[in-house]
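# An overview of the molecular structure
Letter by letter, the chains look like this.
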Amino acid sequence: MRKHAVAAAGEPLPQGHTNADASPPQDHRVRVAEIKRERMRERLIEATMAAYLECEPGHHPVVDDVIRIAEVSRGSFYKHFEAIDEVFAEIGRRMAREMLQTYGRLTASLQDGAARMALGPLMALVRAAMEPRHGAFIARVDFIEFLASDEPRASLVAMSLHEGRLHGAVTFDSIQAAMDLVVGTTVEGARRIVRTRTLDGGYIRELAGMVLRGLGVSPLAADRAVSQAWQRLVDESATLSWWKPVSPA
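In this text the structure is predicted, and so the values were computed from the model without any measurement.

## Details of the pattern of salt bridges
Inspection of the entire model under this criterion finds 12 salt bridges. Among the ionic pairs, Arg94 bridges to Glu90, the shortest N-O distance being 2.8 Å. Of this pair, Arg94 and Glu90 both sit in helix α5 (residues 84-107), four residues apart, which is roughly one turn of the helix. For Arg94, a relative accessible area of 27% puts it in the partly exposed group. Across the pair Arg127 and Glu131 runs a salt bridge whose closest N-O atoms are separated by 2.6 Å. Given the relative accessible area of 9%, Arg127 is considered buried.

Laid out in structure tokens, this is it:
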């Protein structure tokens, strides 16, 4: 009769066996399968980001682009995502969360409302130059419509605008018009940066200053706010995973 690995209560286990030996490896297999699924999803997301760099302006990657870069089959893609739009949405959510967290941390010590307002465009444009895949994504998606949704990224722009108006740093009547100004200018700036593949600090700062002046900030105050926000970004560069060891002009 075959001996069982698990002894009855009060009986010693046979030599060389433990209760752990009797546990089925099902949990381990489930964990391994989950890890493999997550790795494949990340591989497909990374491939989608890379595919944006190859796209012509105004176009999005398609599934064939993604599976070619990821070196997987079409079936593998559809095991993890129902459609390419699902990947776009996942990338957008991740970017939104990260942007919101970083913006909140970097503006915590900025007292000037205009400087806080300037930091968002500065951060997005510098990152577009330092991390081209990021810039290629925000330059080609319909950013304004995305921001008009309930995504957290909308909170970043709307929150800074409402706060700036409350403290008298910026002036506007229509929040929608103000958001279109900020987001539209940032997207167009990102498109230029992606197209030229250059980090022009002067261009980026001037664009941010124009946004502030469009929101009613005086030229002198706008220049001062942009300088403060820029310095804050440089001071915290070591904490930004995407920051490249270069010295912007």
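Okay, back to it.
## Topic: unusual backbone geometry
The residue Glu71 is not glycine, and still its phi comes out positive at about 60°. As for its position among the elements, Glu71 is in the loop between α3 (63-70) and α4 (74-80). One non-glycine residue with positive phi stands out, namely Arg197, at about 55°. Among the secondary structure elements, Arg197 is positioned in the loop between α10 (175-196) and α11 (201-214).

## Thoughts on the side chain of Thr186
Along the chain, the position of Thr186 falls in helix α10. A residue is classified by how much of its surface remains accessible, and Thr186, at 8% relative accessible area, is buried. If we skip the residues at most four places from it in the chain, Thr186 touches Pro121, Ala124 and Leu125.

## Focus on the confidence of the model for the chain
In this model, the chain carries an average pLDDT of 81, and 81% of its residues clear a pLDDT of 70 or more. Taken as a whole, residues 1-10 scores under 50 in pLDDT and shows 10 contacts with residues more than four places along the chain or in a different chain.

## Observations concerning the side chain of Glu90
Among the residues examined, Glu90 registers a relative accessible area of 13% and is labelled buried. Setting aside chain neighbours within four positions, we find Glu90 in contact with Arg41, Ile45 and Arg97.

## Details of the nonpolar core
Residues Phe77, Leu161, Leu212, Leu215 and Leu233 are the most contacted members of the largest nonpolar core, which totals 70 residues. Looking at which element gives the most residues to this core, the answer is helix α6 (residues 113-130), with 11 residues. Not counting residues up to four positions away in its chain, the partners in contact with Leu233 are Leu106, Leu119, Leu122, Met123, Val126, Leu240 and Trp243.

Procedures and definitions
- Residues numbered from 1 in each chain as written.
- Predicted model: local features only at pLDDT ≥ 70, side-chain atom pairs only at ≥ 80, totals over all residues.
- Heavy atoms only, no water.
- Salt bridge = Lys/Arg side-chain N within 4 Å of Asp/Glu carboxyl O.
- Helix = DSSP H or I, 4+ residues; strand = E, 2+ residues; numbered from the N terminus.
- Buried < 20%, exposed > 50% of the residue type's maximum accessible area, 1.4 Å probe, protein only.
- Contact = heavy atoms within 4.5 Å.
- pLDDT = per-residue confidence, 0-100.
- Core = buried A, V, L, I, M, F, W, Y, C linked by side-chain atoms within 4.5 Å.

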